[in-house]
Amino acid sequence: MRVVAWNCAMALDRKWPALDALAPDIAVISECARPERLRAAGMDLPPRRIAWTGPNEVKGLAVIARPPFRVRRLPVHDPALPHVMPVEVRGAGLRFTVLAVWAQNASGGFRRRAEPGPFNRALDRYGWLAGQGPLIAAGDFNNHERWDRPGHAINFAENVARCRRLGLVSAYHLARGEPFGAESEPTHYWRDRREDGPVYHIDYLFFSARWQPRLRRFGIGPFADFCAAGLSDHAPLAADFDLGRGARSAAKPVPSWLLPVRRRSARNPSPLNGATGAV
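Residues numbered from 1 in each chain as written. Predicted model: local features only at pLDDT ≥ 70, side-chain atom pairs only at ≥ 80, totals over all residues. Heavy atoms only, no water.

Engineer: What's the story with the overall build of the chain in this structure? I'm lost.
Structural biologist: A count of helical and extended segments in the chain gives six helices and 15 strands. For the chain, buried positions account for 54% of its 279 residues. If you sum the accessible surface of the chain, you get close to 12200 Å²; carbon and sulfur atoms cover 49% of it. (Helix = DSSP H or I, 4+ residues; strand = E, 2+ residues; numbered from the N terminus. Buried < 20%, exposed > 50% of the residue type's maximum accessible area, 1.4 Å probe, protein only. Areas by Shrake-Rupley, 256 points an atom, 1.4 Å probe, with all protein chains shown as cover.)

Shown next as structure tokens:
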């Protein structure tokens, strides 16, 4: 099963071929128009294949599935958190939850020291879902530990610590063996979309630690393919999970940048800030 998270910078109908070429089973798409607009543009997205939220009909948050998977926004979704959405995924003998994230931090009015930010608020509201079965939290978090300030409730280190307590690990940090705050690969080419301009690592894919042995490949899309090509200022994240014989789908192309995850021994563990164990 392949999971992709991408801030497509709007106009998904025009950029769909680039996403479709990645052959995602589940795609978390930030800055996505509402389903009715996508269908009007000719995209085949029946209700069971897309869940969507947002106050802006051209710039919301979506989870899109391809057969045999289907999705539905969970009834517990809180309209006060319009850019974090809990979604049930079913198919291929599986049932799990995706917590889709497009965190509106400073732009969403979270500027004061004591304001926890949308993702922390979402964990208050939806953290219990991690105890109900496998959970993936993925998308554009708009946050990084290098921006943390002492005593601020929105600090990304707090996000990471809460994910750890919920039994979630980060696909990037597991695959690359790098600590939080020292990521060598950017996901966001801000402002001028130049490779040598302001770059940040602010998109993440956390998942239940019980699936850790099943993470087979992980990668970040190349700057040339997604940013220099004019598609977005974000590159997508992609992760392949082997979820067992009953969940296998047809063979699909593997992009050259989607690399096998090297297994680390107990003597050389991945720096997951203590994220161990199963949900």
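Having seen it, we continue.
Engineer: Is there a simple way to explain the packing of aromatic side chains in this structure?
Structural biologist: The description of two aromatic rings rests on the distance between their centres and on the angle between their planes. For the structure on display, the rule yields 17 aromatic pairs. On the basis of an interplanar angle of 25 degrees and a centroid distance of 4.6 Å, the ring pair of Phe-156 and Tyr-204 is categorised as stacked. One end of the pair, Phe-156, is in helix α4 (residues 156–165); the other, Tyr-204, is in strand β12 (residues 203–208), and 48 residues separate them in sequence. In this structure, Phe-156 and Tyr-204 share a single accessibility class: buried. Among the aromatic side chains, those forming a connected cluster through ring pairs are Phe-119, Phe-141, Phe-156, Phe-180, Tyr-204 and Phe-206. (Phe/Tyr/Trp six-rings, centres within 6.5 Å; stacked < 30°, edge-to-face > 60°.)

Engineer: Explanation requested: helix α1 (residues 12–20) in the structure shown.
Structural biologist: Within an α-helix, residues lying three or four positions from one another point in the same direction, as the helix has 3.6 residues per turn. Of all the residues in α1, the buried ones are Leu-12, Lys-15 and Leu-19. All buried residues of α1 project into a common sector of 75 degrees when viewed along the axis, lining one side. Of the residues in α1, the exposed ones pointing more than 90 degrees away from the buried face are Arg-14 and Pro-17. Summarising the contacts, the buried residues of α1 are in contact with β1 (2–7), β2 (26–32), α2 (35–40) and β4 (60–65). (Arc of directions from axis to C-beta. Contact = heavy atoms within 4.5 Å.)

Engineer: Where do I start with the environment of Pro-255 in this structure?
Structural biologist: The topology assignment puts Pro-255 in the loop between β14 (237–241) and β15 (259–260). As for Pro-255 and Gly-221, which are separated by 34 residues in sequence, their C-alpha atoms are 8.8 Å apart. If sequence neighbours within four positions are ignored, Pro-255 has contacts with Arg-2 and Leu-22.

Engineer: What is the right way to read the side chain of Arg-162 from this model?
Structural biologist: Its location among the elements puts Arg-162 in helix α4. Here Asn-120 takes part through its backbone oxygen, which lies 3.1 Å from a polar atom of the side chain of Arg-162. Those residues in contact with Arg-162 that sit more than four places away from it in its chain are Asn-120, Leu-123 and Asp-124. (Polar contact = N/O pair within 3.5 Å; in protein donor to acceptor, adjacent residues only side chain to side chain.)

Engineer: Mind showing me how you'd approach the nonpolar core here?
Structural biologist: Generally speaking, nonpolar side chains in soluble globular proteins are found buried as a group. Among the nonpolar cores identified, the biggest contains 39 residues, and Ile-26, Phe-96, Leu-205, Phe-207 and Phe-241 are the most heavily contacted of them. Among the elements that make up this core, the one with the highest residue count is strand β7 (residues 94–102) (five residues). Leaving out residues up to four positions away in the same chain, Phe-96 has contacts with Met-1, Ile-26, Phe-69, Val-87, Glu-88, Val-89, Pro-134, Ile-136 and Trp-211. (Core = buried A, V, L, I, M, F, W, Y, C linked by side-chain atoms within 4.5 Å.)

Engineer: Hey, could you run me through the pattern of salt bridges in this one?
Structural biologist: A side chain with one charge can pair with a side chain of the opposite charge if their charged atoms come near. All told, the structure shown has 15 salt bridges when counted by the stated rule. Ionic pairing is found between Asp-240 and Arg-2, a salt bridge with its closest N-O pair at 2.6 Å. Taken as a pair, Asp-240 in strand β14 and Arg-2 in strand β1 lie far apart in primary sequence, 238 residues in all. Pair check on accessibility: Asp-240 and Arg-2 agree, each one buried. We note a salt bridge from Asp-242 to Arg-216, for which the minimum N-O separation is 3.6 Å. Separated by 26 residues along the polypeptide, Asp-242 in the loop between β14 and β15 and Arg-216 in strand β13 (residues 215–220) bring together distant segments of the chain. A residue is classified by how much of its surface remains accessible, and Arg-216, at 37% relative accessible area, is partly exposed. (Salt bridge = Lys/Arg side-chain N within 4 Å of Asp/Glu carboxyl O.)

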